[in-house]
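# Descriptive analysis of the structure
These are the residues of each chain, in order.
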Amino acid sequence: MLSNWFPNVIWENIWLATKETLYMTGIALLATFILGILLGLLLFLTSKGQMWENKFINVIISAVVNIFRSIPFIILIILLIPFTIFVVGSMLGAKAALPALIIGAAPFYARMVEIGLREVDKGVIEAARSMGAKTSTIIFKVLLPESMPALVSGITVTAIALIGYTAMAGAIGAGGLGDLAYKEGFQRNNNDVTMLATILILLIVFVIQFIGDYITSKLDKR
Amino acid sequence: MITLSKVSKVFSTKSVQSKPIKAVDEVNLTINKGEIFGIIGYSGAGKSTLIRMLNGLETPSSGSVVVAGNTISSIKGRNLRKARQEISMIFQHFNLLWSRTVHDNIAFPLEIAGIKKSERQKRVNELIKLVGLEGREGAYPSQLSGGQKQRVGIARALANNPKVLLCDEATSALDPQTTDSILELLVDINKRLGLTIVLITHEMHVIQKICHRVAVMEGGRIVEQGPVLDVFRNPAEQITKRFVQQVTEPEETKDTVEHLLEHYPQGKVVQLTFVGENTESPLITKLIRNFQLDVNIVQGKISQTQHGSYGTLFIHMDGSDEEITHAIEFIKEQQVGVEVMSSAE
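Residues numbered from 1 in each chain as written. Chains lettered and ligands numbered in written order. Predicted model: local features only at pLDDT ≥ 70, side-chain atom pairs only at ≥ 80, totals over all residues. Heavy atoms only, no water.

### Brief notes about the overall build of chain A
- Looking only at helices and strands, one finds ten helices and zero strands in chain A.
- Start at the N end of chain A and walk to the C end: the helices and strands fall as α-α-α-α-α-α-α-α-α-α.
- For chain A, the C-alpha atoms occupy an extent of roughly 70 × 40 × 25 Å along the three principal directions.
- Residue burial in chain A is summarised as follows: out of 222 residues, 47% are buried.
- Put simply, of all contacts in chain A between residues at least 6 apart along the chain, 73% involve residues at least 24 apart.
- Accessible surface for chain A amounts to roughly 11300 Å². Of this, 70% is attributable to carbon and sulfur atoms.
- Of the side-chain charges in chain A, 16 are positive and 13 negative, and the distance between the mean point of each set is 8 Å. (Helix = DSSP H or I, 4+ residues; strand = E, 2+ residues; numbered from the N terminus. Buried < 20%, exposed > 50% of the residue type's maximum accessible area, 1.4 Å probe, protein only. Contact = heavy atoms within 4.5 Å. Areas by Shrake-Rupley, 256 points an atom, 1.4 Å probe, with all protein chains shown as cover. Lys, Arg positive; Asp, Glu negative; His and termini not counted. Charge placed at Lys NZ, Arg CZ, Asp CG, Glu CD.)

### Describing the confidence of the model for chain B
Residues and elements named next belong to chain B.
- Put simply, chain B has an average pLDDT of 88, and 95% of its residues get 70 or more.
- For chain B, the element scoring lowest by mean pLDDT is helix α10 (residues 252–263), at 73; helix α3 (residues 102–112) scores highest, at 96.
- Among the scores for the predicted complex, ipTM is 0.87 and pTM is 0.84. (pLDDT = per-residue confidence, 0-100.)

### What about helix α2 (residues 77–84) of chain B?
Residue and element names in this part refer to chain B.
- Considered for burial, the residues of α2 that qualify are Leu80, Ala83 and Arg84. Down the axis of α2, the smallest arc covering the buried residues is 100°, so these residues share one side. Residues Arg78, Asn79 and Lys82 are exposed on α2 and point more than 90 degrees away from its buried face. (Arc of directions from axis to C-beta.)

### Some words on the interface of chain B and chain A
- Tallying the contact residues gives 24 residues for chain B and 23 residues for chain A.
- Across the chain B to chain A interface the summed buried area is about 2100 Å²; carbon plus sulfur atoms make up 61%.
- Taken as a group, Arg81(B), Trp98(B) and Ile112(B) account for 32% of the area that chain B buries against chain A, more than any other trio of residues on that side.
- Across the contact surface, chain B and chain A share two salt bridges.
- When the shortest N-O distance is used, the salt bridge between Glu126(A) and Arg52(B) registers 2.6 Å.
- In this assembly, chain B and chain A are joined by seven residue pairs in polar contact (both at pLDDT 80 or more).
- Of all the secondary structure elements, the ones that give two or more residues to the side of chain B that touches chain A are α2, β6 (87–91) and α3 of chain B.
- Looking at which element gives the most residues to the side of chain B that touches chain A, the answer is α3(B), with four residues.
- Residue composition of the side of chain B that touches chain A, by class: eleven nonpolar, six polar and seven charged. (Buried area = accessible area lost by both parts, 1.4 Å probe. Salt bridge = Lys/Arg side-chain N within 4 Å of Asp/Glu carboxyl O. Polar contact = N/O pair within 3.5 Å; in protein donor to acceptor, adjacent residues only side chain to side chain. Nonpolar A, V, L, I, M, F, W, Y, C, P; charged D, E, K, R; others polar.)

### So, helix α8 (residues 135–169) of chain A
- Given a rise of 1.5 Å per residue, 35 residues ought to cover 51 Å, yet the end C-alpha atoms of α8(A) are separated by just 39 Å, more than 12% below that figure.
- The largest bend in α8(A) is about 60°, located at Met148(A), with the proline Pro149(A) one to four residues further on. (Expected span 1.5 Å × (residues − 1). Bend = angle between axes of the 7 residues up to and from the residue.)

### So, the packing of α8(A) against helix α10 (residues 191–219) of chain A
Residue and element names in this part refer to chain A.
- Two elements in contact, α8 and α10, have axes separated by 8 Å at closest approach and are oriented at 175°. Here α8 lies roughly antiparallel to α10, going by the angle between them. Across the interface between the two elements, Met148, Pro149, Val152, Ser153, Thr156, Ala159, Ile160 and Ile163 of α8 pack against Ile201, Ile204, Val205, Ile208, Gln209, Gly212, Ile215, Thr216 and Leu219 of α10.
- Looking at the contact of α8 with α10 residue by residue, the classes come out as twelve nonpolar, five polar and no charged. (Axes fitted to C-alpha atoms, helices over the stretch in contact; angles between N-to-C directions. Parallel < 35°, antiparallel > 145°, perpendicular 65-115°, else oblique.)

### Some points on the nonpolar core
- By size, the foremost hydrophobic cluster in this structure holds 53 residues, and its most contacted members are Leu143(A), Leu4(B), Ile39(B), Leu54(B) and Val198(B).
- In terms of residue count, the dominant contributor to this core is α8(A) (seven residues).
- Discounting chain neighbours no more than four positions away, the residues touching Val198(B) are Ile2(B), Ile31(B), Phe37(B), Ile39(B), Ile51(B), Leu54(B), Val164(B), Leu165(B), Leu166(B) and Cys167(B).
- Listed in part, the 52 residues of the second largest apolar core include Val102(B), Ala159(B), Ile182(B) and Leu199(B). (Core = buried A, V, L, I, M, F, W, Y, C linked by side-chain atoms within 4.5 Å.)

### Quick notes on the pattern of salt bridges
All names here are of chain B.
- According to the stated counting rule, one finds 18 salt bridges over all chains in the structure shown.
- One salt bridge in this structure joins Glu86 and Lys163, with 3.5 Å as the shortest N-O distance. With Glu86 in the loop between α2 and β6 and Lys163 in the loop between α5 (146–158) and β7 (164–168), the pair connects residues that are 77 residues apart, well separated along the chain.
- Overall, the relative accessible area of 36% leaves Lys163 in the partly exposed class.

### Quick look at the pairing of strand β3 (residues 36–40) of chain B
Residue and element names in this part refer to chain B.
- Within β3, five of the five residues are buried, leaving the element largely enclosed by the surrounding structure.
- Of the two faces of β3, both are covered, the one formed by Ile36, Gly38 and Ile40 as well as the one formed by Phe37 and Ile39.
- Of the pairings in the sheet, the one linking β3 to strand β8 (residues 196–201) comprises five bridges and is parallel in character. Note that in β8 the partner of Ile39 across the bridge is Ile200.
- Here four bridges tie β3 to strand β9 (residues 213–218), and the two strands are oriented parallel to one another. By the bridge assignment for β9, Gly38 is matched with Val214. (Pairing = 2+ DSSP bridges.)

### Remarks on the side chain of His103(B)
All names here are of chain B.
- Within the element layout of this structure, His103 appears in helix α3.
- Only 3.3 Å separates the side chain of His103 from the side chain of Gln121, close enough to count as a polar contact.
- Aside from chain neighbours lying at most four places away, what touches His103 is Gln121, Val124 and Glu137.

### Here we look at the environment of Gln306(B)
Residues and elements named next belong to chain B.
- Structurally, the position occupied by Gln306 is in the loop between β12 (294–305) and β13 (308–318).
- Note: C-alpha distance between Gln306 and Val124 (182 residues apart in sequence) is 30 Å.
- If we skip the residues at most four places from it in the chain, Gln306 touches Val187, Lys191, Gln208, Lys209, Ile210, Cys211 and His212.

### What to know about the pairing of β6(B)
Residue and element names in this part refer to chain B.
- For β6, a buried count of five out of five residues is recorded, marking the element as mostly surrounded by other parts of the structure.
- A two-sided burial pattern is seen for β6, the buried positions comprising Ile87, Met89 and Phe91 on one face and Ser88 and Ile90 on the other.
- Of the pairings in the sheet, the one linking β6 to β7 comprises five bridges and is parallel in character. Bridge pairing links Ile87 to Val164 in β7.

Quick look at the structure:
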């Protein structure tokens, strides 16, 4: 029945491409989450009036984040080719897409983390300080838990952007559903393959959005 | 317990033209152990900055702040954090962590102090009982009323057995009834635990209700201070008089007096001011018995303070001029303030 609708689809390839997309998105997302929170915290804590106020560091991080956030992803991949070869040792395969995916997504997420942290009630931070809390206590027991819904909804948005990036990463031979849709679908004129790849990407996006929304609403006790 | 000497705080402003703002200006203040000390002032008077210097949330530009033997104005890092555990603070907007339950909010300062989990549990339960929140341990702040939130704030502030409790407009976001219940809780804690309480407010009602002594702040300076009853009796500064009026003269009094003066061309409308014990003596009875007068009570209000009561009473006396003069003399002998009201014209 399915083969009537998608006559040109080779199911092993679809399965492989889906796995590649999930692999790239999953690993990149995890790294982005950690790196983004670190960068976001640094951006927040070194900003004016905060615990580690430091204009110099703040300006530098801010500039780096803005630059990498502004470079179109397809160009970023090309610019990062030497770096990728240095780190991964190859330019091919899903693994080779990871450095570009992480470097593209982490600054994007860092800004969202910064915004989330800014929304933490200043009074609560002041209250923690008045109790004699250390900066590390304030970070782990006040800033991160109090901004968690924003951090989760931010990573959801970032995850969906990352899926878009993985499709583009197909251009450098990273594999995945985007690559499949382009090479097997568009270039060989197999519209059914393109359509199926699109449906699968949409499905992944919906599932991620659903999980993200669910966790956010569970976390938010405001 | 608390000594401030020549404490000033200057905030530099961004623009070149405007002068730096002197939020607190050469303040000297001593607060005794076990005292409830109120600082009253309008917004911008510098009282917020002043109270934040007591736990080092602000550092003074000059002068020294000593609280419970620690020179807060000069210690830093670990010593300051340690000292802060003895100086708790509650806030106008409660500042609870929304992500934690009532129980976990109260446990937070204990976690900071590095108390073991089993002991934390015990202490939290004690505190919940102390502030009357039994059964609400598992609720999140968003599920509580304002008064309950402030109770959590108080429990949290008391967790590490502090020596001083700072109240930053702690009742300003609450309705009058809730305000009173929170104030009663503070008095109770003060008596039971012997805690020194410093509170800032713009409501004289709060001062009148729970404070032993009061300082009035204006433009960064303390313009007047003393025992609450003394300040009520003899407010020296214009601003203090205005604050005292907040609790003694309801808004409508003026209109009522005008109205009365129109209605009773005969006799006199007199304002009586009572302070301390004489509020309890039956003055009106004596007046009627001893003089040929008709006495009509127009309006009155007696306020309880921590050291006795304070009140004003408006009465209308009708009779011969001579009797009225004698009656006024008699009232003066009773240590009651008398002021004959006349029309505004």
